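Observations on the model geometry
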Amino acid sequence: MNEGDLGDEASGSGFYLDLITHDLKNLNQGVYGYLELMEMLPETTDLQKRFLEEALSYVRMSGNLIRTMEFVEGEKSPSAPQGLYKVMVESYQSFSNVNRNAKIEMDTSEVTKGLKVNGSRLVVDMFIFLLDFMFRKARGGKLKVHARTEAPVEGRVQLVLSGDFVPLPEKEQEGLFNEVSGEKGTKKGKLVLCGRIARMFGGSIDYEPPVKGSRWTGGMFRITLAEVSQ
Amino acid sequence: MTSVLVVDDEPFIHQLYKDILEFYGYSIAGEAFDGDEAVKLYSELARKPDIIIMDHRMPNKDGVDSTIEILSMDPKARIVFASADSTVRERAMEVGASEFLGKPFQMKDLLESLKKLS
């Protein structure tokens, strides 16, 4: 049976979501594949730059696909966009051949609300990278993460990430986005790339240590991103 | 040098495979963008590829049917099935694929599969 036959037999939203998920997985293959290739190379080569550009182009395509579906589903039901993030998360969960024991609880409802307000493409892009990191970091343990966006200030958007970064010591939390020699190819690699990308776009990442009595045991990352128009 | 035939309907996936395969010293025996093209190309290649990377959901003919046809021509063909459709894993292995990778997979897993079959 080919794709045309499948289309003829299709009915209901199950097939519709199946197609989106399939396309997202293909795009994610481009993202992860090129990031992995990038990690295999020394940092300063031209080839590494090309691989990063390739990875980012698939992140953007993935973001565009999600936004298109948000628009289409939004026409049917005002609450539908949240379902799309579920699809996105499920797509990332398909990466389970790497993270068999990963467990994550991620509250993205406020991110969704924020995205609808500011429409920043880069926030979506970063969010995808962060999701990847969270799944990797959660290996063997349980991680609770709360992500939200704050209103744009002077053309910039803030993505705030907080959670229970257990069992990661506080000392290690602070430097999560920083370049560290000898970290290539490790589970930290993707987050280092994430920090590099934020800085490439003139953004910044600030860390605030855990606060006593806070809802979360871990610290908080305030990721400031230059807003990118469509 | 191990040669690989790349079969996938997404041009960007071809580029990704070519980037990693060439980086690791594999040669590209040919490229096909649907199942029909893959079967035709395989039958026409004077020097058969050592390994085929096969997608599933493609126009004209899917990966499972293409695998069946290629293996009927050449039972020794080694096929790494690489699909975003994990429901086809069992069927792919049943019809004779040597390995199955569910997209998105890690490049190191692809390299391991190729090394195993080389």
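Scope of this entry: the structure provided in the associated data block. (Residues numbered from 1 in each chain as written. Chains lettered and ligands numbered in written order. Predicted model: local features only at pLDDT ≥ 70, side-chain atom pairs only at ≥ 80, totals over all residues. Heavy atoms only, no water.)

**Structural notes on the overall build of chain A**
Put simply, the test is: Here a strand is any run of E in DSSP of at least two residues, a helix any run of H or I of at least four, and the numbering for each starts at the N terminus. Remark: exposure states derive from per-residue accessible area (1.4 Å probe, protein chains only) relative to the maximum for the residue type, with buried under 20%, exposed over 50%, and partly exposed in between. In this description, contact between two residues means that some pair of their heavy atoms is separated by no more than 4.5 Å. We get accessible surface area from the Shrake-Rupley algorithm with a probe of 1.4 Å; when it comes to residues, only the shown protein chains can shield them.
For chain A, the count of helices and strands is 8 helices and 5 strands. Shown N-terminal to C-terminal, the secondary structure of chain A runs as helices and strands in the order α-α-α-α-β-α-α-β-β-α-α-β-β. By residue count, 50% of the 230 residues in chain A fall in the buried class. Residue pairs at least 24 apart in sequence account for 71% of intrachain contacts in chain A once pairs closer than 6 positions are excluded. If you sum the accessible surface of chain A, you get close to 10800 Å²; carbon and sulfur atoms cover 52% of it.

**Thoughts on the side chain of Glu 99 of chain B**
Residue and element names in this part refer to chain B. As a reminder, the rule being used: Pairing of N or O atoms within 3.5 Å defines a polar contact, subject to two protein rules: one partner must be a possible hydrogen donor and the other a possible acceptor, and residues neighboring in sequence count only if both atoms are side-chain atoms.
One can find Glu 99 in strand 5 (residues 99-102). A distance of 3.4 Å separates a polar atom in the side chain of Glu 99 from a polar atom in the side chain of Ser 113. If we ignore the near neighbours within four places in the chain, the residues touching Glu 99 are Ile 79, Val 80, Phe 81, Met 93, Ser 113, Lys 116 and Leu 117.

**Focus: the packing of helix 1 (residues 11-23) of chain B against helix 5 (residues 107-117) of chain B**
Residues and elements named next belong to chain B. Quick reminder of the rule: Lines are fitted to the C-alpha atoms to define the axes, a helix being fitted only along its stretch in contact, and any angle between axes, read from their N-to-C directions, falls within 0 to 180 degrees. It is the rotation of the near helix from the far one that decides the hand of a crossing: anticlockwise by less than a right angle makes it left-handed, clockwise makes it right-handed. Three classes are used, and their members are as follows: Ala, Val, Leu, Ile, Met, Phe, Trp, Tyr, Cys and Pro are nonpolar, Asp, Glu, Lys and Arg are charged, and the others, Gly among them, are polar.
Here helix 1 crosses helix 5 at 65°, and the two axes come no closer than 11 Å. Seen along the crossing, helix 1 lies across helix 5 with a hand that is right-handed. Where helix 1 abuts helix 5, its residues Leu 16, Tyr 17, Ile 20 and Leu 21 lie against Met 107, Leu 110, Leu 111 and Leu 114. Looking at the contact of helix 1 with helix 5 residue by residue, the class counts come to 8 nonpolar, no polar and no charged.

**A look at the interface of chain A and chain B**
What counts, and what does not: By buried area we mean how much accessible surface two parts lose on assembly, using a 1.4 Å probe and totalling the loss over both. Within this document, salt bridges are pairs made up of a side-chain nitrogen of Lys or Arg and a carboxyl oxygen of Asp or Glu, the two lying within 4 Å of each other.
Listed as interface residues are 31 residues of chain A and, on the opposing side, 27 residues of chain B. Interface area lost by chain A to chain B is led by His 22, Asn 26 and Gln 29 of chain A, which between them contribute 24%. For the pair chain A and chain B, the interface holds 1 salt bridge. Salt-bridge contacts for Arg 50 of chain A lead to Asp 19 of chain B; the nearest nitrogen and oxygen are separated by 2.7 Å. Between chain A and chain B we count 6 residue pairs in polar contact (both at pLDDT 80 or more) in total. Contributions of two or more residues to the side of chain A that touches chain B are made by helix 1 (3-9), helix 2 (12-40) and helix 3 (46-76) of chain A. The element that contributes the greatest number of residues to the side of chain A that touches chain B is helix 2 of chain A, accounting for 15 residues. Residue composition of the side of chain A that touches chain B, by class: 14 nonpolar, 10 polar and 7 charged.

**As for the nonpolar core**
Stated precisely, the cut-off is as follows: Buried Ala, Val, Leu, Ile, Met, Phe, Trp, Tyr and Cys residues that are joined via side-chain atoms within 4.5 Å together make up what is termed a nonpolar core.
Core analysis: the biggest nonpolar cluster contains 33 residues, and Tyr 17, Leu 21, Ile 53, Leu 110 and Leu 114 of chain B have the highest contact counts within it. Contributions of two or more residues to this core are made by helix 2 and helix 3 of chain A together with strand 1 (3-7), helix 1, strand 3 (51-54), strand 4 (79-83) and helix 5 of chain B. If you look at the next biggest cluster of nonpolar residues, it comprises 20 residues, including Met 54, Ala 77, Phe 81 and Ala 92 of chain B.

**What to know about the pattern of salt bridges**
Tallied over the full model, the rule gives 13 salt bridges over all chains. When the shortest N-O distance is used, the salt bridge between Lys 103 of chain B and Asp 8 of chain B registers 2.7 Å. Of this pair, Lys 103 of chain B sits in the loop between strand 5 and helix 5 while Asp 8 of chain B sits in the loop between strand 1 and helix 1, placing them 95 residues apart in sequence. With its nearest N and O atoms 2.8 Å apart, the salt bridge here joins Lys 61 of chain B to Asp 36 of chain B. Taken as a pair, Lys 61 of chain B in the loop between strand 3 and helix 3 (63-73) and Asp 36 of chain B in helix 2 (residues 35-44) lie far apart in primary sequence, 25 residues in all. For Lys 61 of chain B, a relative accessible area of 16% gives the class buried. A network of salt bridges, in which partner residues are shared, links Arg 50 and Glu 54 of chain A together with Asp 19 of chain B.

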